[in-house]
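Each chain is listed here by its residues.
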Amino acid sequence: MSVRFNDRYAASFISTDEYAHIQPMVNTAHSLLTKKNGAGNDFLGWITLPESYDKEEFSRIKAAAARIRNSCQVFVAIGIGGSYLGARAVIEFLKSPLYNNLKKDTPDVYFAGNNISASALSELLSICEGKDVCINVISKSGTTTEPAIAFRVFRALLEQKYGKEGARSRIFVTTDRQKGTLKQFSDEAGYETFVVPDDVGGRFSVLTAVGLLPIAVAGIDIDELMAGAAEAMHEYSDPSLEANQAYRYAALRNILYRKGKTTEILVGYEPYAAMFNEWWKQLFGESEGKDQRGIFPASVIFSTDLHSLGQYIQDGMRNLFETVISVEKDTVSYTIPNDPDNIDGLNFLSGMDMNQVKKTAMQATLLAHVDGGVPNLLIEMSDRSARTLGHLIYFFELACAISGYLLGVNPFNQPGVEAYKKNMFALLGKPGYEDQKAALCARLN
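*Asks:* Explanation requested: the environment of phenylalanine 276 in the structure shown.
*Replies:* Along the chain, phenylalanine 276 turns up in helix 11 (residues 274-288). Take phenylalanine 276: its relative accessible area is 1%, and that puts it in the buried class. Separated by 124 residues in the primary sequence, phenylalanine 276 and arginine 152 have C-alpha atoms spaced 28 Å apart. Ignoring any residue separated from it by four or fewer positions in sequence, one finds phenylalanine 276 in contact with Ala89, Phe93, Ile325, Leu389, Leu392, Ile393 and Phe396.

*Asks:* Quick question: what am I supposed to make of the state of the cysteines here?
*Replies:* Any covalent bond linking the sulfur atoms of two cysteines counts as a disulfide. Applying the stated rule across the entire model yields one disulfide. With a sulfur-sulfur separation of 1.8 Å, cysteine 72 is cross-linked through a disulfide to cysteine 134. One end of the pair, cysteine 72, is in the loop between helix 3 (55-71) and strand 2 (74-78); the other, cysteine 134, is in strand 4 (residues 133-138), with 62 residues separating them in the sequence. Look at cysteine 134 and you get buried, because its relative accessible area is 1%. In this structure cysteine 128 is a free cysteine whose sulfur lies 10 Å from that of cysteine 72, the closest cysteine sulfur available.

*Asks:* Quick question: what am I supposed to make of the packing of helix 3 against helix 8 (residues 209-217) here?
*Replies:* Packed helix pairs are characterised by how far apart their axes lie and by the angle those axes make with each other. At a closest axis distance of 8 Å, the pairing of helix 3 and helix 8 adopts a crossing angle of 35°. The chirality of how helix 3 crosses helix 8 is right-handed. Note on element contacts: helix 8 touches helix 3 through Ala209, Leu212, Leu213, Ala216 and Val217, opposite Glu57, Phe58, Ile61, Ala64, Ala65, Ile68 and Arg69.

*Asks:* Got a minute to help me understand the nonpolar core in this structure?
*Replies:* The nonpolar side chains of soluble globular proteins are, as a tendency, buried together. Of all hydrophobic cores here, the largest spans 115 residues; its most connected members are Leu33, Trp46 and Phe396. Of the residues forming this core, the biggest block, 14 residues, is contributed by helix 14 (residues 386-407). With sequence-adjacent residues up to four places away left out, leucine 33 is seen in contact with Leu44, Trp46, Ile47, Tyr247, Leu398, Ala401, Ile402, Tyr405 and Phe412.

*Asks:* Can you walk me through unusual backbone geometry in this structure?
*Replies:* A negative phi angle characterises most non-glycine residues, just as the trans form characterises most peptide bonds. The step from phenylalanine 302 to serine 303 runs through a cis peptide bond, and the omega angle for that step is 5°. Mapped onto the elements, serine 303 comes out in the loop between strand 8 (296-301) and helix 12 (310-315). In the Ramachandran plot, asparagine 342 falls in the positive-phi region, its phi being about 50° despite a non-glycine side chain. Along the polypeptide, asparagine 342 turns up in the loop between strand 9 (320-329) and helix 13 (354-371).

*Asks:* What am I meant to see in the pairing of strand 10 (residues 376-383) here?
*Replies:* Looking along a regular strand, one sees side chains alternate from face to face of the sheet. Most of strand 10 is tucked away: six of the eight residues are buried. With helix 13 bridging strand 9 and its parallel neighbour strand 10, the resulting β-α-β unit is right-handed.

*Asks:* Can you help me understand the side chain of glutamate 57 in this one?
*Replies:* Here glutamate 57 lies in helix 3. Put simply, glutamate 57 is tucked away with no salt bridge, and the nearest opposite charge, on arginine 60, sits 4.1 Å away. With residues near it in sequence (within four places) discarded, glutamate 57 still touches Phe194, Val195 and Ala209.

*Asks:* Would you mind showing me how to read the sheet that holds strand 10 here?
*Replies:* Two orientations exist for strands paired in a sheet by backbone hydrogen bonds: parallel and antiparallel. Taken in spatial order, the five strands line up as 1-10-9-7-8 in an open sheet, and their pairing is mixed. Edge strands, defined here as strands with exactly one partner in the open sheet, are strand 1 (3-6) and strand 8. The average angle at which neighbouring strand axes cross in this sheet is 20°, direction not considered. Alignment of strand 9 against strand 10, held across seven bridges, turns out to be parallel. The residue bridging serine 326 from the neighbouring strand is glutamate 380, located in strand 10.

*Asks:* When you look at the pattern of salt bridges in this model, what are you seeing that I'm missing?
*Replies:* Charged atoms that come close allow side chains of opposite charge to pair. Within the structure shown, the criterion is met by 25 salt bridges. One salt bridge connects glutamate 242 with arginine 248, and the closest N-O pair in it is separated by 3.9 Å. Exposure remark for glutamate 242: the relative accessible area of 70% places this residue in the exposed category. Assessed through its relative accessible area of 16%, arginine 248 is described here as buried.

*Asks:* For this particular structure, what's the right way to read empty space enclosed by the protein?
*Replies:* Over the atoms a probe the size of a water molecule is rolled, and this reveals where empty space is left. This structure, assessed with the given rule, holds one cavity of 30 Å³ or more. Lining of the largest cavity is provided by Phe93, Gly268, Tyr269, Glu270, Tyr272, Ala273, Ile325, Ser326, Val327, Lys358, Lys359 and Met362. In terms of residue class, the lining of the largest cavity is made up of seven nonpolar, two polar and three charged.

*Asks:* I'm lost on the environment of alanine 167 in this one. Help?
*Replies:* Tracing the sequence through the fold places alanine 167 in helix 6 (residues 145-168). Taking the C-alpha atoms as reference, alanine 167 lies 9.2 Å from alanine 156; in sequence the two are 11 residues apart. Dropping the residues within four chain positions of it, alanine 167 is found in contact with Leu158, Glu159 and Tyr162.

Rules used throughout
Residues numbered from 1 in each chain as written. Predicted model: local features only at pLDDT ≥ 70, side-chain atom pairs only at ≥ 80, totals over all residues. Heavy atoms only, no water. Helix = DSSP H or I, 4+ residues; strand = E, 2+ residues; numbered from the N terminus. Buried < 20%, exposed > 50% of the residue type's maximum accessible area, 1.4 Å probe, protein only. Contact = heavy atoms within 4.5 Å. Disulfide = S-S within 2.5 Å. Axes fitted to C-alpha atoms, helices over the stretch in contact; angles between N-to-C directions. Left-handed = near helix turned anticlockwise from the far one by under 90°. Core = buried A, V, L, I, M, F, W, Y, C linked by side-chain atoms within 4.5 Å. Right-handed = clockwise from strand over helix to strand, strands pointing away. Lys, Arg positive; Asp, Glu negative; His and termini not counted. Salt bridge = Lys/Arg side-chain N within 4 Å of Asp/Glu carboxyl O. Pairing = 2+ DSSP bridges. 1 Å grid on protein atoms, 1.4 Å probe; cavity = no way out; pocket = protein on both sides within 12 Å on 5 of 7 lines; lining within 4 Å. Points joined across faces, edges and corners; volume = space filled by probe spheres on them. Nonpolar A, V, L, I, M, F, W, Y, C, P; charged D, E, K, R; others polar.

This is the structure in structure tokens:
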């Protein structure tokens, strides 16, 4: 298997009986998911997506990515939440967090419309000066504030630089199949469009056009990414906790939650895992955090964060557990040189590969944290490839759905996300929000 779940470092915190006790609940959750009769069943298109995806659109995605690679130096993906996190996570995991600074034959890829920052937007516009630019706006409706503002700005930039006709071939839109402000505008403008599926929520959308176009622009093999997800789809079809490692992970995190372990920390041991951690936090945080319950998702990159948060994890409140991602086969090696003067006292490491030191640090940390009362769940990836990452993405999506049902919430809605939007629209004076504005201003004053 390209992805293996290892619970040996949590064995002292649970018993085999607890797995047996939760199995009937897992069976129920599995039935709700596969028979599509549970809460949020309108958003289950991701389950069979690795094989049932639109092959014609998939071909168009690859063709569009090829044109972008040939015509653009800078590609800007405009979106927020699930409309950008998955693509950025995959690009940085498989390429590098320094992807834009590396020598390559693909465009730089930047992400906009995921904040309300004048300085960030201005800096990105400065980067685009004197370069050929393409953009991909990703929004179901086209009216979400952050990406809508960015789209206004970059559309104007392209039209000024290339004219409306020239800009048309450089603007790509991923939106609703048939309806919505952005779809209507794109059709009228003649932009090439791709589909945000009706039955796939944003945080589950990385394997749709939402994530695949930016990923393909970066030169990543999206066929391999989908193939890995398809492998996982078949591998995790049995509800037995003995056979299904994704379900076992979901069950174990719920067992720990019921023991008071209310915070889960996703641990990576490479800088390239940082944005994947962010994707994972949205996936689980938005799926489980509702009805005043849920495991709080946090993340760290070790060994960096051992020198900041490591103290808390080792000796702080015992309300947390860790899920550690380990890549077994490293693609790059570096031999530690010898220092004749041994100034730092580290000549015992001379000639050793840095990967060996990293893995030893991981083993030492696992043991220390377990001894400190922190259960550790280990997810082992065979390598850092598109196929294996596709497998891991599906592993987490499936585990998240089952875990949400075990928790007793709808894993596929996000009612809390709308609260700040309504307040912001009212305070900014959007028509139709006059009464709310007066009430909010009274509270603020």
